[in-house]
Amino acid sequence: MRNMTVEYSKELDESTFSTKLSNGLSVYICKKPGFNKKMGLFGTKYGSVINDFVDIETGKRIQVPDGIAHYLEHKLFEKEGANALDLFSQMGVSSNAYTSFDQTVYYFETADKFDESVAMLVKLIKEPYFTAENVEKERGIIGQEISMYDDNPNFKVYFNALRAMYQKNPVRIDIAGTIETISHITHELLYTCYNTFYSPQNMFFIIVGDVDVDKTLDLIEENINKYPNPKTSEEIQKYIPEEPKEIAQKEIEEKMDIFLPQLCIGYKLPLCSGYDIQKNEVLADVVGEMYFSKQSDFFVNMYNSGKVNSSIDLQYEGSKYFSHIMLTTTTTNIDEVQKDILKYINKIKVENVDNELFEIVKRKKIGETILSADSLNIAYRRIIDSILYDTDTYVDVEILEKLTPQDIKEFLNNLKEDNQVISKILPKE
Amino acid sequence: MNIEKIIDEKFKSIYISYNFTIPMKNKEMFSYNALLGAIMQKGAKNYPNLKSIENKLSMLYGATYDINVDKYGDLYNFQFRMNFINRKFLPDNEELLDEVLDFLYEMIYNPKDWTDDEIEREKEFILEKINERRDEKLAYASQKMEEILCKDEPYGTYIFGDEKIVKSATKEDLKNAYENIIGSTVNVYVAGNLNGYEDIEKTIEEKFASKVTNTQKLEDLPTDNTKINSKEHIYTKDSEPQDIVQSAISLGGYIKGITVEDLLPLAIFNGIFGVTPSCKLFQNVREKASLCYTISAKILKLKGLIIVYAGINAQNYEKAVSLIKEQLEDMKKGNFTDEELQCSIDSAIASLRDVRESKYLSCMFKYSNKIAYKKDMSFEEIEEAYKKITREDIIRVANKIEFTNEFIIGGVQNA
């Protein structure tokens with residue numbers, strides 16, 4: 001008998017089952033009755049910010065080139081010359097992978113090749129195959145991926161804001177690294193990162209779909225058990241440079257060959273607990289809706305006066321390693337819009353919260369939460385959040401229901417001048 | 001009224017898609033309708049501004065409402081969309097349907113008297129949409145190729161119209177565009193868990209039928225995808241200088257003498273040639289030659305066009321173009337394995353099943369089939385037809401394809 005945890009959300013009418021296999025791998029199954037499509041995700045709590053750690057093989061501290069977690073993602077999703085996307089595609093299954101600051105995730109989506117897909121996913125992750133030659137071949141492809149982001153103004157305005165906020169934290173470095181940093185990546189270094197961070201204790205397996213829970217657990221375990229348990233340590237030793245409270249620079253500006261300027265106002269916050277990360281995410285959503293969305297007087301005025309055409313987005317991002325709020329918009333009147341937003345923020349911080357608006361927005365967000373049950377993607381993202389932040393799976397739903405106007409007030413108080421940065425992308429003349 | 005239901009018990013919300021369809025005419029039609037869509041999305045007589053609309057939607061538990069415009073071959077689609085929660089999942093089983101339909105009715109059939117200021121404001125909105133598309137280099141390279149290939153046809157106009165015409169649009173132009181849209185063919189789709197909503201067609205009919213005057217059927221509207229691809233075309237290269245790191249290229253061509261029998265084989269062709277990770281473009285241009293990260297081919301089946309786009313280093317331009325062309329030649333000669341064919345069929349069937357996981361895609365699947373095949377096509381019918389596609393079918397459609405145009409953004413500065 002397995003020791004299984006079941007979490008149920010009444011609002012979503014959805015259940016998530018979780019357990020830990022004997023080798024330490026955490027498995028989560030979110031049951032979605034009626035859906036044809038099933039998703040499987042195999043991930044590790046390892047991303048671009050972890051560049052300095054103790055090599056599990058040698059026990060020695062090592063610093064690795066920027067962008068290596070992402071490079072590893074590319075190379076691991078490959079099997080003896082064949083790209084994993086291709087191997088899945090040959091079965092009629094779609095697959096992909098992504099690397100972020102604190103996680104790397106590999107996944108597939110299928111209606112009828114579920115068992116084979118689970119087997120393939122485990123095989124790919126458990127059988128790394130890095131050679132000097134195949135690592136070299138990938139450099140050109142990743143180089144083009146980096147170049148693509150170099151021309152993307154949304155991406156630039158965001159990363160520049162991070163660079164302005166953080167002085168030392170590796171979150172200020174592009175996830176894929178640069179053409180220069182990736183030139184130092186070798187197959188030996190990839191093995192070091194793989195051996196250290198792709199151990200069962202540091203990984204998670206997620207299934208979302210209409211599956212039989214017990215059979216699926218058996219299936220995963222059976223595939224995992226084909227491989228011997230790798231060398232592991234209780235706690236992987238990671239060194240993230242201590243980040244000062246202060247921002248790195250107040251303003252950052254870059255010119256690109258674009259039409260529409262981009263503005264991002266960032267606020268660096270102190271690190272907080274997993275629960276508070278989730279709470280801040282919900283709050284950013286509600287505050288954004290109340291004060292910056294199409295139902296706010298502010299946005300309507302900005303729109304009517306022709307200053308802004310698209311939306312003004314507010315989002316919170318947090319992890320074990322960073323915590324910040326970002327307000328982003330695009331506008332051809334960038335200086336005026338910046339001034340208006342900053343003035344407005346000072347105003348709403350001292351004003352009382354409009355209780356009626358708060359209730360209307362809360363109603364909308366509860367509706368959106370129920371609507372989210374129609375999406376398999378939201379289901380897995382919620383589970384990954386709960387894994388990384390060590391919270392209950394449906395904690396966001398509970399937080400939303402308990403939210404009070406006082407929480408709004410406290411959230412707004414984070415928007416201070418001394419932790420604020422301004423990032424702009426302007427067109428070249 | 002033409003109302004179709006897509007019943008699927010797994011969904012917790014109900015989606016309504018209210019479609020108007022008109023034959024494409026000219027640049028003016030695109031420009032005025034883009035403006036019309038923008039202004040109708042911002043207000044109606046009883047919801048005079050953005051705030052009142054958004055407030056109402058919040059009260060409907062975050063129901064969504066928008067207007068979408070799109071091209072389906074030579075037909076222009078003007079679509080009102082709403083999504084709202086099924087009463088089974090709401091506190092106290094609160095029913096939203098009547099309010100949602102009333103709201104939708106207001107937005108479609110009870111427009112406000114637009115002021116000149118409001119019209120001028122929405123012109124700015126559309127002009128920004130037209131101008132900002134150059135900021136997304138790869139999508140832009142692909143769109144520009146559509147325009148180049150269809151430069152003598154209404155289809156070659158960008159979906160948000162033409163800058164000059166948008167600027168010159170008058171209130172009269174908008175009113176005419178509105179009358180033209182609401183007087184056109186109507187197709188309504190409702191998707192979701194409709195158990196307990198058995199009368200939904202009747203309810204919609206009672207509310208909307210009196211307004212629907214056009215009785216022409218979607219399948220009877222004129223579409224002709226053989227006109228441009230039966231002409232002779234001279235091979236042409238275009239470029240647009242941009243100061244960027246990566247160059248975006250597109251390669252375009254016509255599918256000569258395309259017929260309705262070619263449509264499904266073309267989808268399977270493209271699975272082998274240019275759209276799956278097993279395809280020739282991905283395998284040879286990306287994986288083997290390491291020339292790009294992004295490369296993909298799309299078939300515009302209702303216009304009989306093919307477009308390949310990729311992000312490359314400008315110095316590899318010639319090499320990439322010739323590699324892409326080699327892959328097409330291989331397809332024409334039948335240089336692909338039975339495994340590749342089977343894999344493409346499996347992928348196409350998997351994508352077909354994906355369509356059913358989305359209310360929006362399910363509705364548009366029904367809609368576009370009516371245009372392409374002039375009749376209903378079920379998921380099962382298409383799946384069966386895919387399974388019967390042979391190597392000969394693929395070679396036959398491949399030999400109808402000819403690349404005639406190249407386009408590169410940013411090739412000058414960073415070559």
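Fair warning: this is a prediction, and the values are worked out from it, not measured in the lab.

Colleague: Looking at this structure, I do not really get the overall build of chain B. What am I missing?
Modeller: Counting its secondary structure elements, chain B contains 15 helices and 10 strands. Whereas a compact globule of 415 residues would reach a radius of gyration of roughly 22 Å, chain B reaches 23 Å, a difference of no more than 12%. With the C-alpha coordinates of chain B rotated into their principal frame, the extents come out at 60 × 50 × 40 Å. For chain B, the residues scored as buried account for 61% of the 415 residues in total. Carbon and sulfur atoms form 48% of the exposed surface of chain B, whose accessible area is close to 16000 Å².

Colleague: In this structure, what is going on with the packing of aromatic side chains? I would like to understand it.
Modeller: The description of an aromatic ring pair uses the distance of the two centres, along with the angle that the planes make with each other. Tallied over the full model, the rule gives 42 aromatic pairs over all chains. Arranged with centres 6.2 Å apart and planes meeting at 45°, the rings of Phe77(A) and Phe88(A) form a pair that is tilted. Placement of Phe77(A) in the loop between α1 (68–76) and β7 (78–79) and of Phe88(A) in helix α2 (residues 84–90) is noted, with a sequence separation of 11 residues between them. A relative accessible area of 5% means that Phe77(A) is categorised as buried. Ring geometry for Phe269(B) against Phe273(B): centres 5.3 Å apart, planes inclined by 20°, an arrangement best described as stacked. One end of the pair, Phe269(B), and the other, Phe273(B), are both in helix α9 (residues 263–275), four residues apart, so they sit about a helical turn from each other. For the pair Phe269(B) and Phe273(B), a shared accessibility class is recorded, and that class is buried. Aromatic rings pair up to connect Tyr46(A), Phe53(A), Phe77(A), Phe88(A), Tyr106(A), Phe108(A), Phe114(A), Phe130(A), Tyr191(A), Tyr194(A), Phe197(A) and Tyr198(A) into one cluster. Its guanidinium or amino end placed over the ring of Tyr61(B), Arg363(A) lies 4.0 Å from that ring's centre, counting from NZ or CZ.

Colleague: What is the right way to look at the domain arrangement of chain B in this model?
Modeller: Interfaces are often described in size by the accessible area the parts lose on coming together. Residues and elements named next belong to chain B. Its domain assignment divides chain B into domain 1 (3–217) and domain 2 (228–409). Contacts between the two partners involve 38 residues from domain 1 and, on the opposite side, 42 residues from domain 2. In total, domain 1 and domain 2 occlude about 3300 Å² of area from one another, counting both sides; carbon and sulfur atoms represent 66% of this. Across the domain 1-domain 2 interface, the total number found is six salt bridges. Residues Glu4 and Lys366 are paired through a salt bridge, measuring 3.2 Å at the closest nitrogen-oxygen approach. Inspection of the domain 1/domain 2 interface yields 14 residue pairs in polar contact (both at pLDDT 80 or more). Looking at the side of domain 1 that touches domain 2, the elements that each hand over two or more residues are β1 (3–7), β2 (13–23), β3 (64–72), β4 (75–85), α5 (137–149) and β5 (185–192). The dominant element in the side of domain 1 that touches domain 2, judged by the number of residues it contributes, is α5, at 10 residues. Classifying every residue of the side of domain 1 that touches domain 2 by side-chain character gives 16 nonpolar, 11 polar and 11 charged.

Colleague: What am I meant to see in unusual backbone geometry here?
Modeller: Although it is not a glycine, Asp390(A) adopts a positive phi angle of roughly 60°. With phi around 60°, Asp92(B) is a residue other than glycine that occupies positive phi space. The residue Asp92(B) is located in the loop between β4 and α3 (97–109) in this model. When its relative accessible area of 79% is taken as the criterion, Asp92(B) is described as exposed.

Colleague: Before we go on, may I ask you to explain the interface of chain B and chain A in this structure?
Modeller: Facing 58 residues of chain B, the contacting portion of chain A comprises 57 residues. With both sides pooled, the region where chain B packs onto chain A buries about 5200 Å², and carbon together with sulfur makes up 52% of that total. When the buried area of chain B at its contact with chain A is split by residue, Arg121(B), Glu128(B) and Tyr293(B) rank highest and sum to 13% of it. Our enumeration of links across chain B and chain A arrives at eight salt bridges. A salt bridge links Lys359(B) to Asp374(A), with the shortest nitrogen-to-oxygen separation between them at 2.6 Å. Connecting chain B to chain A are 34 residue pairs in polar contact (both at pLDDT 80 or more). With seven residues, helix α4 (residues 116–132) of chain B is the single largest residue contributor to the side of chain B that touches chain A.

Colleague: I keep staring at the state of the cysteines and nothing clicks. Help me out?
Modeller: Where two cysteines share a covalent bond between their sulfur atoms, that bond is called a disulfide. For the structure on display, the rule yields zero disulfides over all chains. Here Cys343(B) is not cross-linked by a disulfide; its sulfur's nearest cysteine counterpart is in Cys279(B), at 9.5 Å.

Colleague: I tried to follow the sheet that holds strand β9 (residues 94–99) of chain A on my own but got confused; where do I start?
Modeller: Paired through their backbone hydrogen bonds, the strands of a sheet run either parallel or antiparallel. All names here are of chain A. Spatially, β1-β2-β3-β11-β4-β10-β9 is the arrangement adopted by the seven strands of the open sheet, whose pairing is mixed. Pairing within the sheet leaves two strands with one partner each, and these edge strands are β1 (5–9) and β9. On average, each strand axis in the sheet is inclined to that of its neighbour by 15°, with strand direction left out of account. Looking at chain direction, β1 and strand β2 (residues 14–20) are connected through five bridges and run antiparallel. If you follow Glu7 over to β2, its bridge partner there is Thr16. On top of the sheet, helix α8 (residues 213–224) reaches β2, β3 (26–31), β4 (38–44) and β11 (203–209); it is set at about 150° to β3, its chief contact.

Colleague: What exactly am I supposed to notice about the pairing of strand β15 (residues 323–330) of chain A here?
Modeller: It is a general feature of regular strands that their side chains alternate between the two faces of the sheet. All names here are of chain A. The element β15 is extensively covered by neighbouring structure, given that seven of its eight residues are classed as buried. In the sheet, strand β13 (residues 262–268) pairs with β15 via seven bridges, with the strands oriented antiparallel. Each bridged residue has a counterpart across the sheet, and for Tyr267 the counterpart in β15 is Ile325. The pairing of strand β14 (residues 313–318) with β15 spans six bridges and is classified as antiparallel. Within the sheet, the bridge partner assigned to Tyr316 lies in β15 and is Ile325. Where β14 folds back on β15, the antiparallel hairpin that results is connected by four residues.

Colleague: What should I look at first to understand helix α15 (residues 405–412) of chain A in this one?
Modeller: Each full turn of the α-helix corresponds to 3.6 residues, which orients residues three or four apart in the same direction. Turning to α15(A), its buried residues number three or more, namely Asp407(A), Ile408(A), Lys409(A), Phe411(A) and Leu412(A). Against the buried residues of α15(A) lie α9 (274–292), β14, β15, α11 (334–350), α12 (355–371) and α14 (395–402) of chain A.

Colleague: What exactly am I supposed to notice about the pattern of salt bridges here?
Modeller: Side chains that differ in charge, positive against negative, can pair when their charged atoms come close. Residues and elements named next belong to chain B. Counted under the stated rule, the structure contains 71 salt bridges over all chains. Of the charged contacts in the structure, one is a salt bridge between Lys370 and Glu4, with a shortest N-O distance of 3.3 Å. Remark: Glu4 occurs in strand β1 and Lys370 occurs in helix α13 (residues 359–373); sequence separation between them is 366 residues. Under the relative-accessibility criterion, Lys370 is labelled buried at 5%. Of the charged contacts in the structure, one is a salt bridge between Lys10 and Glu357, with a shortest N-O distance of 3.0 Å.

Conventions used here
- Here, residues in each chain are numbered from 1, in the same order as that chain's written sequence.
- Note on labels: chains are lettered from A, ligands numbered from 1, in written order.
- Where totals are concerned, whole chains, interfaces and linings use all residues; where local detail is concerned, this predicted model gives features only for residues with pLDDT of at least 70, and gives and counts side-chain atom pairs only at 80 or more.
- Think of the side-chain values as coming from all heavy atoms in the structure, minus any hydrogens and water.
- Secondary structure elements are defined from DSSP: runs of H or I of at least 4 residues count as helices, runs of E of at least 2 residues count as strands, and each element is numbered from the N terminus.
- Throughout, radius of gyration means the C-alpha value; the globule benchmark is 2.2 Å times the number of residues raised to the power 0.38.
- Here the term buried applies to any residue with accessible area under 20% of the maximum for its type, exposed to any over 50%, and partly exposed to those in between, with areas from a 1.4 Å probe on protein chains only.
- Each accessible area is a Shrake-Rupley estimate made with a 1.4 Å probe; only the visible protein chains count as cover when residues are assessed.
- Classification of ring pairs uses Phe, Tyr and Trp, with its six-membered ring standing for Trp, and accepts pairs whose centres are within 6.5 Å; under 30 degrees between planes counts as stacked, over 60 as edge-to-face, and the remaining range as tilted.
- In this scheme, the term charge over a ring applies when either NZ of a lysine or CZ of an arginine sits within 6 Å of the ring centre and within 35 degrees of the ring normal.
- Domain ranges listed in this record stem from an automatic or a database domain assignment.
- Pairs of residues are marked as contacts when any of their non-hydrogen atoms sit within 4.5 Å.
- The term buried area means the drop in 1.4 Å probe accessible area that two parts suffer when joined, counted for both and summed.
- Salt-bridge detection follows one rule: a side-chain nitrogen of Lys or Arg within 4 Å of a carboxyl oxygen of Asp or Glu.
- Whenever two N or O atoms come within 3.5 Å, that pair is a polar contact, provided that in protein one can donate a hydrogen and the other can accept it, and provided that, for residues adjacent in sequence, both atoms are side-chain atoms.
- For this scheme, ten residues count as nonpolar: Ala, Val, Leu, Ile, Met, Phe, Trp, Tyr, Cys and Pro. Four count as charged, namely Asp, Glu, Lys and Arg, and the remainder, Gly too, count as polar.
- Cysteine sulfur atoms that pair up within 2.5 Å are treated as a disulfide.
- Pairing between strands is defined by DSSP: at least two bridges between them are needed.
- Angles here are taken between N-to-C directions and fall from 0 to 180 degrees, while the axes themselves are lines fitted to C-alpha atoms, restricted in helices to the stretch in contact.

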